[in-house]
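Next come the chains, spelled out residue by residue.
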Amino acid sequence: MELLNLAINSIFVSNILLASFLGMCSFLAISKRISASIGMGAAVVFVLTITAPVSWLMNEYILKEGALVWLGDSFKNVDLSFMTYIFFIAVIAAMVQLVEMIVEKFSPALYTALGIFLPLITVNCAILGVALFMVERKYTFAQTTVFGFSSGLGYFLAIVTMAAIRKKIRYSNVVPALRGLGITMILTGLLAMAFMIFSGIQL
Amino acid sequence: MKNLFDKGGKFEKFYPIYEMFETMLFVRPDRTKSGAHLRDHFDIKRLMAFVLIGCFPAFIFGMYNVGYQHYVSQGLSASAISYILKGAGYVIPIMLVCYIVGGFWEILFAIIREEEVNEGLFVTGFLVPLIVPASIPLWQVAVAISFGVILGKEVFGGTGMNIFNPALVTRAFLFFAYPAAISGNKVWTIFGDKVVDSYTKATPLAAALDGGSGSVVQNLTEKGYTFKKLLLGLHPGSVGETSALLIILGGIFLIITGIASWRIMVSVFAGGFAMALILNLLAPSQSSFLALPFYYHFVMGGFAFGAVFMATDPVSASQTETGKYIYGFLIGFLAVMVRGLNPAYPEGMMLAILFMNAFAPLIDNIIVSRNIKRRLSRASN
């Protein structure tokens, strides 16, 4: 029940994109086409589901103060948490490399559609954000896994919805100065306002 | 007269304003410049007028109710006419602000973009006063309607091209920007100098959330809210949304004239029904709000008004027929869910519709691509 609550919370209530506004660059760039946005969303779900638990293990057994105690008593006072960012980014980069190879092998069309943005997942702040939130909120392993997966789903939901909306406004007569990124920013704001319907829900 | 506004005339820039008034009064003999050409008196302006007719009973009753609550809170009673006049003194200024401020932006955009003035504001300006409390400060209405008209509609190119219903964007803006003016127990009635003790200030939803000793229905009845009373609508609330009966009459009018989609209306109620049953199962005790029967949900707060006038907005709703069922069902479902499970908001109807506005294009896309797939497989067999 607690895990379900956490899942619903991170998909809807504090959606990584629409409540924390992390991962905006890929969101704005990839939401032009629905098929590409589905691919991007799926990639983020995949990467997050793997990186969040792996980052948790890193943090628990290598990085945080006293984590290295399994090496022997003399390591009890070692605190490597100043290396958190480097370690997390390294894990994320490795995972993204993996996803890239899988996508290229199985779906070359999606690979070309995602283009530069697939490698850029490495520096997608949503991914690093989830890893850092996990440390800050002191989640357990199970919680971290659920949190990573459902944050990815939240990203997926937001980007696919946005892609569908952008497909619809292709027929609109948007103010010339706002065409492209401008109107997408406005839409993101309105979408975030609509998502506020969930803020405060506790199961 | 017309020459002044034509190309090269003295007031060329103000042609949109001239065009607006001319088409409001006359049907012009314009024709399509090329291709197929269909002549019908039923243009967007007439369609919007029909929506206004549908709202009208709820609007008149809303004014009556505002006046009625004002007098009752002071322990007085007066004639129906003076109720309406008193209420009109609060509701008409809100409407004027909506039309003047909204109209200003509308005309400004039309002049700059050299287009004709859209008709959508007729409905938006009429709906907004109906979904706010009568006591709302007018400057807040002006700010909110500016937000709704500009960011909800005009930046997309005007009526028919927007994603979100501008009236709902206005209402949501008010709700988040000035929560004190649109929630709580004090805003729903215009109070005079003195308030009699026996007067209930709470809206039925707040009263039901309050709890009490008996079952939730008994508690409501104790506070004076029987089902029949709620259906008739003489209770505090937003101006136009208290009387479910008149709203449903308006809805039937809209369905008969073919303006609003019955699919959406019916499925909104179905969604509310489903979620209310689920909440009933979850209810820890009979006095909890979750135990409220579904038909009470339908007559309380903005549920009926949203289902009939807001969810059916043909622009922001789902366009496919199957999509309309899903769209409506989820609106009802979410609205009742927010009422039951979200302690932050006692009322979720307007936000539920706004939320589903965002998802309507996605629903349509899924339906359309499924249809394409099905037909392809049929054709290839």
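The rules behind the values
Residues numbered from 1 in each chain as written. Chains lettered and ligands numbered in written order. Predicted model: local features only at pLDDT ≥ 70, side-chain atom pairs only at ≥ 80, totals over all residues. Heavy atoms only, no water. Helix = DSSP H or I, 4+ residues; strand = E, 2+ residues; numbered from the N terminus. Rg over C-alpha atoms; globule rule 2.2 N^0.38 Å. Buried < 20%, exposed > 50% of the residue type's maximum accessible area, 1.4 Å probe, protein only. Contact = heavy atoms within 4.5 Å. Lys, Arg positive; Asp, Glu negative; His and termini not counted. Charge placed at Lys NZ, Arg CZ, Asp CG, Glu CD. Buried area = accessible area lost by both parts, 1.4 Å probe. Salt bridge = Lys/Arg side-chain N within 4 Å of Asp/Glu carboxyl O. Polar contact = N/O pair within 3.5 Å; in protein donor to acceptor, adjacent residues only side chain to side chain. Patch = residues over 30% accessible without salt bridge, like charges linked within 9 Å, V, L, I, M, F, W, Y side chains within 5 Å. Areas by Shrake-Rupley, 256 points an atom, 1.4 Å probe, with all protein chains shown as cover. Expected span 1.5 Å × (residues − 1). Axes fitted to C-alpha atoms, helices over the stretch in contact; angles between N-to-C directions. Left-handed = near helix turned anticlockwise from the far one by under 90°. Nonpolar A, V, L, I, M, F, W, Y, C, P; charged D, E, K, R; others polar. Parallel < 35°, antiparallel > 145°, perpendicular 65-115°, else oblique. Domains from an automatic or database assignment.

Bringing the overall build of chain B into the picture now. Per the secondary structure count, chain B includes 17 helices and zero strands. Taking 381 residues into account, the globule formula puts the C-alpha radius of gyration at 21 Å, and chain B, at 22 Å, falls close to it. For chain B, the spread of C-alpha atoms along the three principal axes comes to 75 × 70 × 35 Å. Counting all 381 residues of chain B, 54% fall into the buried class. A separation of at least 24 residues holds for 72% of the contacts in chain B among residues at least 6 apart in sequence. Between the mean site of the 28 positive side-chain charges and the mean site of the 22 negative ones, chain B shows a separation of 5 Å.

Our focus in this paragraph is the interface of chain A and chain B. Contacts between chain A and chain B engage 33 residues on the former and 39 residues on the latter. Taken together, the two surfaces of chain A and chain B that pack against each other cover about 2800 Å², and 75% of this comes from carbon and sulfur. Of all residues in chain A, the largest losses of buried area upon contact with chain B belong to Lys168, Met193 and Ile197 of chain A, amounting jointly to 23% of the total for that side. One can count zero salt bridges joining chain A with chain B. At the surface where chain A touches chain B, the tally comes to nine residue pairs in polar contact (both at pLDDT 80 or more). Counting residues per element, the ones that place at least two in the side of chain A that touches chain B are helix H8 (141-168) and helix H9 (181-195) of chain A.

Together, Arg370, Arg374, Arg375 and Arg378 of chain B give the surface a local cluster of positive charge. One can find Arg378 of chain B in helix H17 (residues 349-380).

Turning our eyes to something else, we now look at helix H13 (residues 262-282) of chain B. Residue and element names in this part refer to chain B. End to end, H13 covers 30 Å across 21 residues, agreeing with the expected 30 Å (1.5 Å per residue, within 8%). Of the positions making up H13, those classed as buried are Ile264, Met265, Ser267, Val268, Phe269, Gly271, Gly272, Met275, Ala276 and Leu279. Packed against the buried residues of H13 are helix H12 (244-256), helix H14 (294-299), helix H15 (303-310), helix H16 (321-341) and H17. Its side-chain oxygen placed 3.2 Å from the backbone nitrogen of Arg263, Ser261 serves as the N-cap of H13.

Let us now look at the packing of helix H4 (residues 80-113) of chain B against helix H6 (residues 138-152) of chain B. Residue and element names in this part refer to chain B. Close contact between H4 and H6 brings their axes to 9 Å; oriented N to C, the two are set at 35°. Here the hand of the crossing between H4 and H6 comes out right-handed. Contact residues: H4 offers Pro93, Ile94, Val97, Cys98, Val101, Gly102, Trp105, Glu106 and Phe109, while H6 offers Leu138, Val141, Ala142, Ile145, Ser146, Val149 and Ile150. Looking at the contact of H4 with H6 residue by residue, the class counts come to 13 nonpolar, two polar and one charged.

The subject of this paragraph is the side chain of Thr84 of chain A. Here Thr84 of chain A is to be found in helix H4 (residues 84-106). With residues near it in sequence (within four places) discarded, Thr84 of chain A still touches Leu63 and Leu132 of chain A.

Residue and element names in this part refer to chain B. Looking at the secondary structure, you find Arg171 in helix H7 (residues 166-177). Sequence separation between Arg171 and Val308 is 137 residues; the distance between their C-alpha atoms is 17 Å. In contact with Arg171, not counting residues within four places along its chain, are Ile131, Val132, Ile182, Ser238 and Met350.

Any two side chains of opposite charge can pair, so long as their charged atoms come close to each other. Residue and element names in this part refer to chain B. Taken as a whole, this structure holds four salt bridges over all chains when the rule is applied. Here Lys153 and Glu106 are joined by a salt bridge, their closest N and O atoms 3.3 Å apart. Here Lys153, found in the loop between H6 and H7, pairs with Glu106, found in helix H4; they are 47 residues apart in sequence, far enough to count as distant. Glu106 shares its class with Lys153; the two are buried. A salt bridge links Glu321 to Lys324, with the shortest nitrogen-to-oxygen separation between them at 4.0 Å. With Glu321 and Lys324 both in helix H16 and three residues apart, the pair spans about one turn of that helix. We classify Lys324 as buried; its relative accessible area is 15%. Connected through shared salt-bridge partners, Arg263, Glu321 and Lys324 make up one network.

Turning our attention to the packing of H4 of chain A against helix H7 (residues 125-136) of chain A. Residues and elements named next belong to chain A. The interhelical angle for the contact between H4 and H7, taken along N-to-C directions, is 130°, at an axis separation of 10 Å. Of the possible angle classes, the one that applies to H4 and H7 is oblique. Our pair here, H4 against H7, has a crossing hand that is right-handed. When H4 is examined against H7, the residues Thr84, Tyr85, Phe88, Ile89 and Ile92 are found in contact with a partner set consisting of Ile127, Leu128, Ala131, Leu132, Met134 and Val135. Here the residues of the contact of H4 with H7 sort into ten nonpolar, one polar and no charged.

A word on the domain arrangement of chain B. Residues and elements named next belong to chain B. Taken domain by domain, chain B consists of domain 1 (2-23 + 48-181) and domain 2 (216-380). Computed over C-alpha atoms, the centres of domain 1 and domain 2 are 24 Å apart. Listed per partner, the contact involves 35 residues of domain 1 and 31 residues of domain 2. Carbon and sulfur atoms supply 76% of the area that domain 1 and domain 2 bury against each other, a total of about 2800 Å² over both sides. The three residues of domain 1 that bury the most area against domain 2 are Phe50, Phe61 and Leu168, which together make up 20% of that side's buried surface.

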